[in-house]
Amino acid sequence: MNKNYIFLAALLIILAGGLLFLPEKNNQVQENPENLMWDIAQPTRYVTTDQVAKMIIEKDPLFQLVDVRQNYDYEYFSLPGAYNVPIDSLLTEISDIILDTDDINTILYSDDDIKADQAWVIAKRMGYNNIYVMKGGLNCWIRTIIQPEAPPETAPITDLELYEFRKGASLFFTGAAISVDTDNKQGLKITRKKKETVAEGGC
Amino acid sequence: MDTVKNDNYIPKYINPYFGGVLLGILLLVTFYITGRGLGASGAVKSAVVTTVEKVAPKHAGDNAYYDKFISSDHSPMYNWLVFESIGMVLGGLISGVLFGRVKKLRIEHSPKITGRTRLIAAGIGGILFGIGSQLSRGCSSGAALSGTGAFSFGGLLVMVLMFGGGYLFAYFFRKLWI
Amino acid sequence: MDLINLNIMGPLIPLGHIATGWDFVIALLIGIAFGFILEASGFSSSRNITGVFYGYNFVVLRVFMTAVVVAMIGLLYFNYMGWIDLNLVFVLPTYLNSMIAGSLIMGLGFVLGGFCPGTSYTAIAIGKIDAIVFTAGLFLGIFIFSEAFPLIEGFYNGGNLGSITMGEMFGVSNQIVAFSFVIIALIAFYVTWLIEKKVRRKITPYKFE
């Protein structure tokens, strides 16, 4: 038995053993739950990333996403199915076709909500209806949907349910949708969220 | 029993443990970049889907299995695993050239059987492997290696049962190899 | 705790860090490395591969177990250091019925064919006709499966446990799984080393072509 092999075997055991003793990572960040009512009679400007994720996953026919950033940002990364209307093109004819809808809800988003808010004000002044803003923008999208943070175990049940939804959504959006059956019990648990009242979110 | 040592040619292989470490690092890098592991049978599947779609597009559309992989934008061959598999042939070629193993076309077989027997066995083995790999959602690289590497229980299952199955059946086909 | 701060967190492609055109270039490069490592380790010879079943050449076990163990340990350390988000790494879903059946069928195919898809590609590169025939068989096998799919669709989707990890299945942490694998691998390396020595004394050395 070669001495080198014994050395390597010992190294392997040390590396693997080291894993057993790594301390738990502690997450200091606490979530601040905001309660938003998704009430059609009194539309508020903001929708949460969770609501947007839900609409995409459920293929809700009554919404459209509009990315108001520059075209190169949109090409680099954007949400599935979104149109690109850069904020400085809001007054052109093409954006008019996209934005002028009475039955479809248009959700604007940008990296944060700064550009999207500005776009919303412009759109409202131009007389478009059913315009909303995704709160927190794509930064919040990454932090809540793609990489959701686990709430502490003492959090209320709604937080934990939200986290479960977000984990499922994360799988959906990062490509595992190809192999995960969405109508299977495991994974998304969307059916439980049909409660329709509380939608918590925020970054 | 032929005990003459065939020393005139012993191929140079790298140390298997070293090869394993390299492969493990490659697997890790692949996970880091793509979030998925390696794979091999997927490329042949793409080839099958592409062929069937070209030859009988309506039938391909009707069949639930082909349909999943047909997209209107691009050929099913435009797919990660296909490029990776092309790379594998190239990589094998580079290594073969480096170590002097690229030679004329030949059939490798035990001296106790004929080349023809070997080819028949290879063909049947390939067919079985093709069927099995689709059932298992991967072959040895995709399911067993990458699946287990990513801690999937399915990966472990495939790895254990594939090699276990091999051991089970090995006795009956020993004439092919030893 | 960030000992070393890698600003880019993996997995890169799902998190949008790589521009779209590049995926396939990366795939090609990874494939080249994969093919090279396999061929250099001796996987382009079907007789080397089936040696694991008969005890005269355990290269398959050595490379395979080492690779799995290195990847597992690597993933766990990367995850701990914040370099990769393990939740975004694809975990192969488990379909009990079809996987059990499929793996056994693959085992038989493995013994008969002496290759698996990946190794057959590298063997084709160095000119092995049996590998070409094997790959053709793969094509045919997948075709047969796809044609028969409507009949077995139920079976194919049966026993779906989802993307369950070994840790979840056995009720332990993945770190313990990795450590167990290391121990099992080391024991296997030692035992097979002894077996190989014994078997090789008895059989005809095979002539490489």
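Predicted model only: the values in this text are computed from it and were never measured.

Regarding the overall build of chain B
Here is step 1 of the chain: Scanning chain B for helices and strands turns up nine helices and zero strands.
Here is step 2 of the chain: Starting at the N terminus and walking to the C terminus, you meet the elements of chain B as α-α-α-α-α-α-α-α-α.
Here is step 3 of the chain: Going through the 178 residues of chain B one by one, you find that 57% of them count as buried.
Here is step 4 of the chain: A fraction of 51% describes how many contacts in chain B between residues 6 or more apart in sequence connect residues 24 or more apart.

So, the overall build of chain A
Here is step 1 of the chain: Looking only at helices and strands, one finds seven helices and seven strands in chain A.
Here is step 2 of the chain: Mapped from its N terminus to its C terminus, chain A presents α and β elements in the order α-β-β-α-β-α-β-α-β-α-β-α-α-β.
Here is step 3 of the chain: In chain A, which comprises 203 residues, the share counted as buried stands at 30%.
Here is step 4 of the chain: Across chain A, every contact between residues at least 6 apart in sequence was considered, and the portion connecting residues at least 24 apart equals 67%.

A word on the interface of chain C and chain B
Here is step 1 of the chain: Every contact between the two is made by 116 residues of chain C and, on the other side, 115 residues of chain B.
Here is step 2 of the chain: Here the side of chain C that touches chain B gets 20 residues from one element, more than from any other, and that element is helix α6 (residues 129-156) of chain C.
Here is step 3 of the chain: Residues belonging to the side of chain C that touches chain B are distributed by class as follows: 77 nonpolar, 30 polar and nine charged.

Regarding the nonpolar core
Here is step 1 of the chain: Of all hydrophobic cores here, the largest spans 123 residues; its most connected members are Val69(C), Met72(C) and Ala178(C).
Here is step 2 of the chain: Top element by residues in this core is helix α3 (residues 59-80) of chain C. It accounts for 16 residues.
Here is step 3 of the chain: Leaving out residues up to four positions away in the same chain, Met72(C) has contacts with Gly149(B), Phe151(B), Ala178(C) and Phe181(C).
Here is step 4 of the chain: Within the second largest apolar cluster, 32 residues are counted, among which are Leu108(A), Tyr109(A), Ile131(A) and Leu162(A).

Some thoughts on the packing of helix α6 (residues 115-135) of chain B against α6(C)
Here is step 1 of the chain: Look at α6(B) against α6(C): their axes get within 6 Å of each other, and the N-to-C directions meet at 35°. Seen along the crossing, α6(B) lies across α6(C) with a hand that is right-handed.
Here is step 2 of the chain: Partitioned by chemical class, the residues of the contact of α6(B) with α6(C) number 19 nonpolar, eight polar and two charged.

Thoughts on the sheet that holds strand β6 (residues 131-134) of chain A
The strands that make up a sheet pair up through hydrogen bonds in the backbone, lying either parallel or antiparallel.
Residue and element names in this part refer to chain A.
Here is step 1 of the chain: Read from one edge to the other, the open sheet built from five strands follows the order β2-β6-β5-β3-β4, with strand pairing classed as parallel. Each end of this open sheet is capped by a strand with a single partner; those strands are β2 (46-47) and β4 (83-84).
Here is step 2 of the chain: As judged from the five bridges shared by strand β3 (residues 63-67) and strand β5 (residues 105-109), these two strands associate in the parallel manner. Its bridge partner lying in β5, Phe63 is registered against Asn105.

Considerations on unusual backbone geometry
All names here are of chain A.
Here is step 1 of the chain: Positioned with a positive phi, Lys59 is a non-glycine residue whose angle comes to about 55°.
Here is step 2 of the chain: With respect to the secondary-structure elements, Lys59 resides in the loop between α2 (49-57) and β3.
Here is step 3 of the chain: By the C-beta count within 10 Å, which is 8 here, Lys59 ends up exposed.

Here's the deal with the pairing of β3(A)
Here is step 1 of the chain: Sheet analysis places β3(A) next to β4(A), joined by two bridges and oriented parallel. Residue Asp67(A) lies in a different strand from β4(A), and its bridge partner there is Asn84(A).

Digging into the environment of Leu20(A)
Here is step 1 of the chain: Inspection of the secondary structure puts Leu20(A) in helix α1 (residues 3-20).
Here is step 2 of the chain: Look at Leu20(A) and you get exposed, because 12 C-beta atoms sit within 10 Å.
Here is step 3 of the chain: In contact with Leu20(A), not counting residues within four places along its chain, are Gln175(C), Ile176(C) and Phe179(C).

Quick word on the confidence of the model for chain A
Residue and element names in this part refer to chain A.
Here is step 1 of the chain: Averaged over all residues, the pLDDT of chain A equals 74, while 76% of them reach at least 70.
Here is step 2 of the chain: Predicted confidence for residues 26-43 stays below pLDDT 50, and this span has 21 contacts to residues more than four positions away or in other chains.
Here is step 3 of the chain: Every residue in residues 177-200 scores below 50 in pLDDT, and together they form 39 contacts with partners more than four places removed in sequence or on other chains.

Looking at the packing of helix α5 (residues 80-99) of chain B against helix α1 (residues 23-41) of chain C
Here is step 1 of the chain: Where α5(B) contacts α1(C), the axes come no closer than 6 Å and their chain directions differ by 40°. The angle between α5(B) and α1(C) falls in the class oblique. Viewed along their axes, α5(B) and α1(C) form a crossing whose handedness is right-handed.
Here is step 2 of the chain: In the contact of α5(B) with α1(C), the residues fall into 19 nonpolar, eight polar and three charged.

Thresholds applied
- Residues numbered from 1 in each chain as written.
- Chains lettered and ligands numbered in written order.
- Predicted model: local features only at pLDDT ≥ 70, side-chain atom pairs only at ≥ 80, totals over all residues.
- Helix = DSSP H or I, 4+ residues; strand = E, 2+ residues; numbered from the N terminus.
- Buried ≥ 20, exposed ≤ 12 C-beta atoms within 10 Å, placed from the backbone.
- Contact = placed C-beta atoms within 7 Å.
- Nonpolar A, V, L, I, M, F, W, Y, C, P; charged D, E, K, R; others polar.
- Core = buried A, V, L, I, M, F, W, Y, C linked by C-beta atoms within 7 Å.
- Axes fitted to C-alpha atoms, helices over the stretch in contact; angles between N-to-C directions.
- Left-handed = near helix turned anticlockwise from the far one by under 90°.
- Pairing = 2+ DSSP bridges.
- pLDDT = per-residue confidence, 0-100.
- Parallel < 35°, antiparallel > 145°, perpendicular 65-115°, else oblique.

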